[in-house]
Amino acid sequence: MTGIAMRMGYADTPLGQVHYRSAGARDGTPLLLLHQTASSSAMFEPLMEALGGEFWLLAPDTPGFGGTPRPAEQASIALYARCVRGFLDAMSVSRCMVFGHHTGASIAVQLAHDDPERVLRLALSGPTLLSPAQRSALPESAPPVRLREDGGHLLEMWQRIRAKDGDAPLSLSQRETLLNLAAGGWYREAYEAVAAQDFAGQIAALRCATLVFAGDQDLLHSSVEPSLALLRKGRSAGVAGAGTYICERRTGEVAALLRRHFGEASESGETSGEAI
């Protein structure tokens, strides 16, 4: 990042330390950013650069990914959301906006469902409203990588990541390859957690205004309109030609969507009396 200062640190929570990135002034409206599996908060650096002058941005690494240690408990979206609540408490954030991408969207919905007074507004990129076939296939898309003497496992993961977006910058693919390798078996467990979540029931119960969107090359693009149909206060958007790395590769368009959706909350007075 060049235009705005970004900090990294660790927050102490009841579930252990959480590694995070932050940017923007603490007196700004808090905007929580939740990453996909098996990435980390590093995926949000371009977006934080774009939005840091307008919000106080907080991007934790969810348990077992990036710099946050893996917990002793079995992976579940409820566990991830509980960890995020502990992180927000540690940062003295009582209310915030929330943006989640893929697995981050699952966690964002769980957080808003379990703690509705905490979440002012939601934005979900690639909502995880999965069909039965997708629920079965998702964990199988993250098979364990067996370490090999000749280093073939490194090429195997590289090829898996490049298959997601063959036009992505090599530096982005390298970052994701290393993060996915570091996650190990926790990668598959996280996908099992996404498949097990009652996403439909939780999103239908939400009371906050929610934006759902995805690039039309994203495998979860098909979940946008069904998710919108379940929402009480929903709107949708699309980004033509974008895929799973929409936050990094189409930063300006994502920032514009979030700026408009979350900015309306400030204009309507939803953020007045914010306790930070």
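Once a new chain begins, its residue numbering starts again from 1 and follows that chain's sequence as written. Since the coordinates come from a predicted model, pLDDT governs what is reported: local features require at least 70, and pairs of side-chain atoms require 80 or more to be given and counted, while whole-chain, interface and lining totals use all residues. To obtain the side-chain values, all non-hydrogen atoms of the structure were included, while hydrogens and water were left out.

1. Digging into the pattern of salt bridges
Right, on to step 1. Here a salt bridge means any side-chain nitrogen of Lys or Arg lying within 4 Å of a carboxyl oxygen belonging to Asp or Glu. All told, the structure shown has 18 salt bridges when counted by the stated rule.
Right, on to step 2. Here E248 makes a salt bridge to R175, at a shortest N to O gap of 2.5 Å. You can see E248 sitting in helix 10 (residues 246-249) and its partner R175 sitting in helix 6 (residues 170-183), a full 73 residues away along the chain.
Right, on to step 3. When accessible area is computed with a 1.4 Å probe and restricted to protein chains, residues below 20% of their type maximum are described as buried, those above 50% as exposed, and intermediate ones as partly exposed. We classify R175 as partly exposed; its relative accessible area is 21%.
Right, on to step 4. Residues joined by salt bridges that share partners form a network here, namely D89, D115 and R118. Put simply, DSSP marks the helices as runs of H or I at least four residues long and the strands as runs of E at least two long, and each gets a number from the N terminus on.

2. Brief notes about the layout of surface pockets
Right, on to step 1. Estimated volume of the largest pocket: approximately 750 Å³.
Right, on to step 2. Considering the residues around the largest pocket, the lining is formed by 29 residues, among which H102, K164, D218, L219 and T244 are closest to the centre.
Right, on to step 3. When contributions to the lining of the largest pocket are tallied by element, the ones reaching two or more residues are helix 4 (132-140), helix 5 (152-164), helix 7 (186-196) and helix 10.
Right, on to step 4. The class makeup of the residues in the lining of the largest pocket is 12 nonpolar, 11 polar and 6 charged.
Right, on to step 5. A pocket, in this scheme, is an open set of points on a 1 Å grid over the protein atoms alone with protein on both sides within 12 Å along at least 5 of 7 lines, while a cavity is a set where a 1.4 Å probe fits but cannot get out; residues line either one if an atom lies within 4 Å of a point. Grid points are joined across faces, edges and corners, and a volume is the space filled by probe spheres set on the points. By volume, the second largest pocket is sized at about 240 Å³.
Right, on to step 6. Along the wall of the second largest pocket there are 15 residues; nearest its centre are P116, V119, L120, R207 and C208. Amino acid classes used here: Ala, Val, Leu, Ile, Met, Phe, Trp, Tyr, Cys and Pro are nonpolar; Asp, Glu, Lys and Arg are charged; the rest, including Gly, are polar.

3. Topic: the nonpolar core
As a rule of thumb, nonpolar side chains are buried together in soluble globular proteins.
Right, on to step 1. L32, F87, V98, L122 and L124 are the most contacted members of the largest nonpolar core, which totals 50 residues.
Right, on to step 2. At 7 residues, helix 2 (residues 77-90) tops the list of elements feeding residues into this core.
Right, on to step 3. Contacts are residue-level and defined by heavy atoms, with any inter-residue pair within 4.5 Å sufficient. With near-sequence residues (within four places) excluded, L122 lies in contact with V98, A108, V109, A112, L206, C208, A209, T210, L211, H261 and F262. Throughout this description, the term nonpolar core refers to a set of buried Ala, Val, Leu, Ile, Met, Phe, Trp, Tyr and Cys residues connected via side-chain atoms within 4.5 Å.

4. Observations regarding the sheet that holds strand 5 (residues 96-101)
Right, on to step 1. Ordered in space as 1-2-4-3-5-6-7-8, the 8 strands form an open sheet in which the pairing is mixed. Where the open sheet ends on each side, the last strands, each with one partner, are strand 1 (6-13) and strand 8 (234-239). The sheet shows a mean angle of 25° between the axes of neighbouring strands, taken without regard to direction.
Right, on to step 2. One ladder, built from 4 bridges, connects strand 3 (residues 29-34) with strand 4 (residues 55-60); its direction is parallel. Along strand 4, the bridge assignment pairs T29 with F55.
Right, on to step 3. Between the N-to-C directions of two axes lies an angle of 0 to 180 degrees, each axis being a line fitted to C-alpha atoms and, for a helix, fitted only over the stretch in contact. Sitting on the sheet, helix 3 (residues 103-114) touches strand 3, strand 5 and strand 6 (119-125), and the angle it makes with strand 6 is about 155°. Two strands pair under a simple rule: DSSP has to find at least two bridges between them.

5. As for helix 6
Right, on to step 1. What a helix is expected to span follows from its residue count: subtract one and scale by 1.5 Å. In this model, helix 6 (14 residues) spans 20 Å end to end at C-alpha, consistent with the 20 Å of a helix rising 1.5 Å per residue.
Right, on to step 2. Restricting attention to buried positions, one finds in helix 6 the residues L172, S173, E176, T177, L179, N180 and A183.
Right, on to step 3. Just downstream of helix 6 lies G184, where phi reads positive at about 55°.

6. Digging into the environment of I203
Right, on to step 1. Following the sequence through the fold, I203 ends up in helix 8 (residues 199-205).
Right, on to step 2. For the pair I203 and L228, spaced 25 residues apart in sequence, the C-alpha to C-alpha distance is 9.2 Å.
Right, on to step 3. Setting aside chain neighbours within four positions, we find I203 in contact with V109, L124, S227, L230 and L231.

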